[in-house]
Amino acid sequence: MSEVLTRLGDILEARKGASPDSSYVASLHAKGLNKILEKVGEESIETIIAAKDAKVSGDNSDVIYETADVWFHTLVMLSHLGESPQSVIDELSRRFDISGIEEKASRNK
Ligand SMILES: N=c1c2ncn([C@@H]3O[C@H](COP(=O)(O)OP(=O)(O)OP(=O)(O)O)[C@@H](O)[C@H]3O)c2ncn1[C@@H]1O[C@H](COP(=O)(O)O)[C@@H](O)[C@H]1O
């Protein structure tokens, strides 16, 4: 999985220098952070709706498609801010063996 994210991160980085006319990612970078965040929000809402629909229909194909759109646009956001997917992979790795309940309790002490 992380190989795909790493490859995608490299593509997103390379697209910073591409023409907005030929690259969707370059067009997002050119429009700026607010447009990228708008897409993250839009795709997140579409994912929530697809999950609700999937619960009723039993068909997960749309929610998988929409989740990929959210992941993709959050990676564009991170790239715009100078971060790579590896930063998120490292953070998730760091959390292995840390119970979410214990972590939350330690924050409230
Ligand atoms: N994974 C993706 C990917 N996922 C989704 N999308 C695009 O994200 C957009 C979001 O869908 P919408 O229906 O919301 O798009 P829209 O209605 O045109 O958007 P708005 O005009 O409303 O902003 C679509 O244009 C999708 O094609 C992606 N575009 C690119 N990639 C990857 O990024 C690489 C670089 O892409 P380019 O920069 O276009 O070369 C590609 O090779 C892929 O690996």
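Residues numbered from 1 in each chain as written. Predicted model: local features only at pLDDT ≥ 70, side-chain atom pairs only at ≥ 80, totals over all residues. Heavy atoms only, no water.

Examining the confidence of the model for the chain
Link 1 in the chain: Within the chain, residue pLDDT values average 94, and 99% of them lie at 70 or more.
Link 2 in the chain: For this predicted complex, the interface confidence score (ipTM) comes to 0.90, while the overall pTM stands at 0.92. (pLDDT = per-residue confidence, 0-100.)

Thoughts on the site of the ligand
Link 1 in the chain: The environment of the ligand is made up of 13 residues, and the closest members are Arg15, Ser23, Tyr24, Val25 and Lys39.
Link 2 in the chain: One nitrogen or oxygen atom from the main chain of tyrosine 24 is found 2.8 Å from an oxygen atom belonging to the ligand.
Link 3 in the chain: Protein contacts shield 53% of the accessible area of the ligand, which totals 850 Å² for the unbound molecule.
Link 4 in the chain: Looking at the shell around the ligand, the elements that each hand over two or more residues are α1 (2-15), α2 (24-31), α3 (33-57) and α4 (61-80).
Link 5 in the chain: Broken down by element, the residue count for the shell around the ligand peaks at 4 residues, all from α3.
Link 6 in the chain: Of the residues contributing to the shell around the ligand, the split by class is 5 nonpolar, 2 polar and 6 charged. (Near = heavy atom within 4 Å. Polar contact = N/O pair within 3.5 Å; in protein donor to acceptor, adjacent residues only side chain to side chain. Areas by Shrake-Rupley, 256 points an atom, 1.4 Å probe, with all protein chains shown as cover. Helix = DSSP H or I, 4+ residues; strand = E, 2+ residues; numbered from the N terminus. Nonpolar A, V, L, I, M, F, W, Y, C, P; charged D, E, K, R; others polar.)

Thoughts on unusual backbone geometry
Link 1 in the chain: One non-glycine residue, aspartate 97, lies in the positive phi region at around 70°.
Link 2 in the chain: Along the chain, aspartate 97 falls in the loop between α5 (85-94) and α6 (100-107).

Structural notes on the pattern of salt bridges
Where side chains of opposite charge bring their charged atoms close, a pairing between them can arise.
Link 1 in the chain: Following the criterion strictly, the structure yields 6 salt bridges and no others.
Link 2 in the chain: A salt bridge links lysine 39 to glutamate 43; its shortest N-O distance comes to 3.9 Å. Here lysine 39 and its partner glutamate 43 are both found in helix α3, 4 residues apart, which amounts to about one turn of the helix. There is no split in this pair, since lysine 39 and glutamate 43 are both buried.
Link 3 in the chain: Note that arginine 94 is salt-bridged to glutamate 91, the shortest N-O span being 2.7 Å. Note that arginine 94 and glutamate 91 are positioned in helix α5 at a spacing of 3 residues, about one turn of the helix. (Salt bridge = Lys/Arg side-chain N within 4 Å of Asp/Glu carboxyl O. Buried < 20%, exposed > 50% of the residue type's maximum accessible area, 1.4 Å probe, protein only.)

Overview of α6
Link 1 in the chain: Of all the 8 residues making up α6, 0 are buried; the element is thus mostly uncovered.
Link 2 in the chain: Between the side-chain oxygen at the start of α6 and the backbone nitrogen of isoleucine 101 there is a gap of 3.1 Å, and the oxygen is on serine 99.

Considerations on α4
Link 1 in the chain: Its 20 residues give α4 an end-to-end C-alpha distance of 29 Å, which sits within 8% of 28 Å, the value for a rise of 1.5 Å per residue.
Link 2 in the chain: Taken as a whole, α4 has its buried residues at Val63, Glu66, Val70, Phe72, His73, Leu75, Val76, Met77, Leu78 and Ser79.
Link 3 in the chain: Positive phi shows up at glycine 82, right after α4, with a value of about 90°. (Expected span 1.5 Å × (residues − 1).)

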